[in-house]
Amino acid sequence: MRIAMVSTECAPIAKVGGLGDFVQGLARELLKHGERVEVLLPNYDVLEGQHIEDLHEIGAPLRVPFHDRRLDCRVLSGKLGGLTCVLFDPLSEHRFFARSRIYGERDDAQRFAFFSSAVLEYLRASDRRPDILHCNDWRTGLIPVLLQACEQEPGMSDIRVCYTLHNLGDQGRVGSDILHQVGLDPASLMVPDRLLDPHDERMANLMQGGIVYADFVNTVSPRYAWEIQNTTQGMRLQPLLKTHRNKFGGILNGLDDGVWNPEVDRHIPVNYGPGSLPLKAANRRELRARLALEETEKPIFAVVSRLDRQKGLDLIEHGIRYALAEGGQVILLGYSLDAVITARFEGLRAELSASPDCRLELGYDEALAHLIYAGSDMILIPSLYEPCGLTQLIAMKYGTVPIVRRVGGLADTVFDAHYSDKSFEVRNGYLFDDPTPAGLESAMSRAFDLWRCFPAYFRQLRVNGMRGDYSWRQPAQQYLDIYRHMILSRAQSAS
Ligand code: ADP
Ligand code: GLC
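Engineer: Break down the sheet that holds strand β15 (residues 358-362) for me, with residues and values.
Structural biologist: What the six strands build is an open sheet, ordered β15-β14-β13-β16-β17-β18; its pairing is parallel. Taken across any chain shown, the strands that pair with only one partner, and hence form the sheet edges, are β15 and β18 (430-432). For this sheet, the mean angle separating the axes of adjacent strands, direction not counted, is 15 degrees. Sitting on the sheet, helix α11 (residues 339-351) touches β14 (329-335) and β15, and the angle it makes with β15 is about 155 degrees.

Engineer: How would you sum up the pattern of salt bridges? Please name residues and give values.
Structural biologist: Tallying each qualifying case throughout the model produces 37 salt bridges. In this structure, R74 engages E57 in a salt bridge whose closest nitrogen and oxygen atoms are separated by 3.4 Å. Of this pair, R74 sits in strand β5 (residues 69-80) while E57 sits in strand β3 (residues 53-57), placing them 17 residues apart in sequence. Overall, the relative accessible area of 26% leaves R74 in the partly exposed class. For the salt bridge of D89 with R74, the shortest nitrogen-to-oxygen distance reads 2.7 Å. With a gap of 15 residues between them, D89 in strand β6 (residues 83-90) and R74 in strand β5 connect regions that are remote in the sequence. For D89, a relative accessible area of 15% translates into the label buried. If you follow the salt bridges from partner to partner, you end up with D314, E317, R321, R344 and E351 in one network.

Engineer: How would you sum up the packing of helix α10 (residues 313-325) against α11? Please name residues and give values.
Structural biologist: Where α10 meets α11, the closest approach of the two axes is 12 Å, and the angle between their N-to-C directions is 5 degrees. One element, α10, and the other, α11, form an angle in the roughly parallel class. Together, L313, D314, I316, E317, I320 and R321 of α10 and I341, R344, F345, L348 and E351 of α11 make up the contact between the two elements. Across the contact of α10 with α11, the residue classes break down as six nonpolar, no polar and five charged.

Engineer: So what's going on with the site of ligand 1? Which residues, and what values?
Structural biologist: Near ligand 1 there are 23 residues, and of these G18, D21, R306, Y373 and L390 occur at the shortest range. Contacts to ligand 1 include K15, whose side-chain N or O atom sits 2.8 Å from an oxygen atom. Between ligand 1 and the protein, one listed contact pairs an oxygen atom with a backbone N or O atom of G18 at 2.6 Å. Within the complex, 94% of the 570 Å² of free accessible area of ligand 1 lies under protein. Mapped onto the shell around ligand 1, the elements with two or more residues apiece are α1 (18-32), β13 (300-306), β14, α12 (366-375) and α13 (391-397). For the shell around ligand 1, the class distribution of residues is nine nonpolar, eight polar and six charged.

Engineer: Let's hear about the site of ligand 2: which residues, and what values?
Structural biologist: Within the structure, ligand 2 sits among 13 residues, and H166, N253, Q310, E386 and G389 are positioned closest to it. At a separation of 2.8 Å, an oxygen atom of ligand 2 approaches a polar side-chain atom of N253. Between ligand 2 and the protein, one listed contact pairs an oxygen atom with a side-chain N or O atom of E386 at 2.5 Å. With the chains in place, 93% of the 310 Å² that ligand 2 exposes on its own is no longer accessible. Here the residues of the shell around ligand 2 sort into five nonpolar, six polar and two charged.

Engineer: Just give me the short version of unusual backbone geometry, but keep the residues and values in it.
Structural biologist: The step from A11 to P12 runs through a cis peptide bond, and the omega angle for that step is 0 degrees. Take P12: it is sitting in the loop between β1 (2-6) and α1. Look at D54: it is not a glycine, yet its phi comes out positive at around 55 degrees. Relative to the assigned elements, D54 resides in strand β3. One non-glycine residue, R236, adopts positive backbone phi at about 70 degrees. Along the polypeptide, R236 turns up in the loop between α7 (222-230) and α8 (238-243). Of the residues examined, R236 reaches a relative accessible area of 49% and is grouped as partly exposed.

Quick notes on the rules
Residues numbered from 1 in each chain as written. Chains lettered and ligands numbered in written order. Predicted model: local features only at pLDDT ≥ 70, side-chain atom pairs only at ≥ 80, totals over all residues. Heavy atoms only, no water. Pairing = 2+ DSSP bridges. Helix = DSSP H or I, 4+ residues; strand = E, 2+ residues; numbered from the N terminus. Axes fitted to C-alpha atoms, helices over the stretch in contact; angles between N-to-C directions. Contact = heavy atoms within 4.5 Å. Salt bridge = Lys/Arg side-chain N within 4 Å of Asp/Glu carboxyl O. Buried < 20%, exposed > 50% of the residue type's maximum accessible area, 1.4 Å probe, protein only. Parallel < 35°, antiparallel > 145°, perpendicular 65-115°, else oblique. Nonpolar A, V, L, I, M, F, W, Y, C, P; charged D, E, K, R; others polar. Near = heavy atom within 4 Å. Polar contact = N/O pair within 3.5 Å; in protein donor to acceptor, adjacent residues only side chain to side chain. Areas by Shrake-Rupley, 256 points an atom, 1.4 Å probe, with all protein chains shown as cover.

Structure below.
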């Protein structure tokens, strides 16, 4: 099978959050299954191109529709490990991907609509089209719409589209002029069961377009799949998702165990596994030394997160204060594109700067994130909603016990030490329900007590987490089943 994954992130060359991990992990696992996989990405100026080998231009520049004209776009190809990377590099005065960052520009919708349109032209020009196009989130939501609009063209209608929703908090609501930009007809598309936004009838909703026109749609955990159809987590897309429920499901994300694995991780000073857990202590010492935290017997509570409202910012702040008050140490590694949120955490950092037990690092630091997972004892993830969440999975792999809110993928992967219908060997963390300080404290205090009073039991909780299978093996198989099903249904409907 020929599979093209279209994304705006792919670790390690362009990562903002879990989407980057998702594309890297799934694509590499599909390769192991013998599939032919390429990843299609914008050629950002911040792309970490040193990881790509043999990068070269392929074909003539594409002529990509842009309002009433066409803009040239170079296509580059290279190898990222065994994976083929195809990079789209616009040659225009707009400098769409030369902005020193991946997201957060005022014209993000136009930038990624251009990328979507370029991908379509790439498919048109290609003599080896993929069987499956796997699109992700609103920034590639226009691709299924564009593909549907040219289904009469030979070869284009054979391509099947899988569309994965990573976050309904960001649906890509934009003025309908975006359709004009890519050469689509607003009159036929700006209607309720197509692209018209359910919040605001002047807006096009690009995620909605992806849902309507893809052949299969999924999100990244079964629980979030249920929540977005049946609760306000659907952020007004509940009726649409219910309409399309026959082609909708939830598949839990995996972790790339070549990247997130304490037994081989090159970012940490001492490798360890479930059979050599005492070696984790050396990583804890290194973490404290690196951040000039006092070397004590206290447990380390960590937060590694985008600082976005989704992540429960008030609860993160409360958790930090509570952990310190109860005699713990705290390390936060977080970043935000929002100046107000950044200022808030800078204020907290200044307030707590005298504490020998607390370090708040504001920024993005991949290497430090690895060391934090390896050196900490517990990780706090009090999300208001969480489509899947990878940080709890990574933490568990590194023997760091997660304390999480019972939502989305967190609820699918964390099983409470005390209150669970699961057997003891698979219990791996702490859950709470109410998104309130009291709710969070109820879980943190139980974790603290166990750590303090029953260290052997706490140790077993770490080992249980480390032994869990969070690999991509099973989820990749589910995606392959879906891809095959789509190809088969297409063949049946054509015959
Ligand atoms: P989301 O995609 O919503 O941000 P996930 O839990 O799915 O959340 O994935 C987050 C990914 O980003 C993980 O790989 C995590 O280690 C990483 N990450 C989050 N914040 C930072 C940071 N400040 N520095 C480095 N890595 C980070
Ligand atoms: C999104 C979600 C996160 C998920 C990630 C990868 O960023 O917020 O929960 O793990 O995508 O699917």
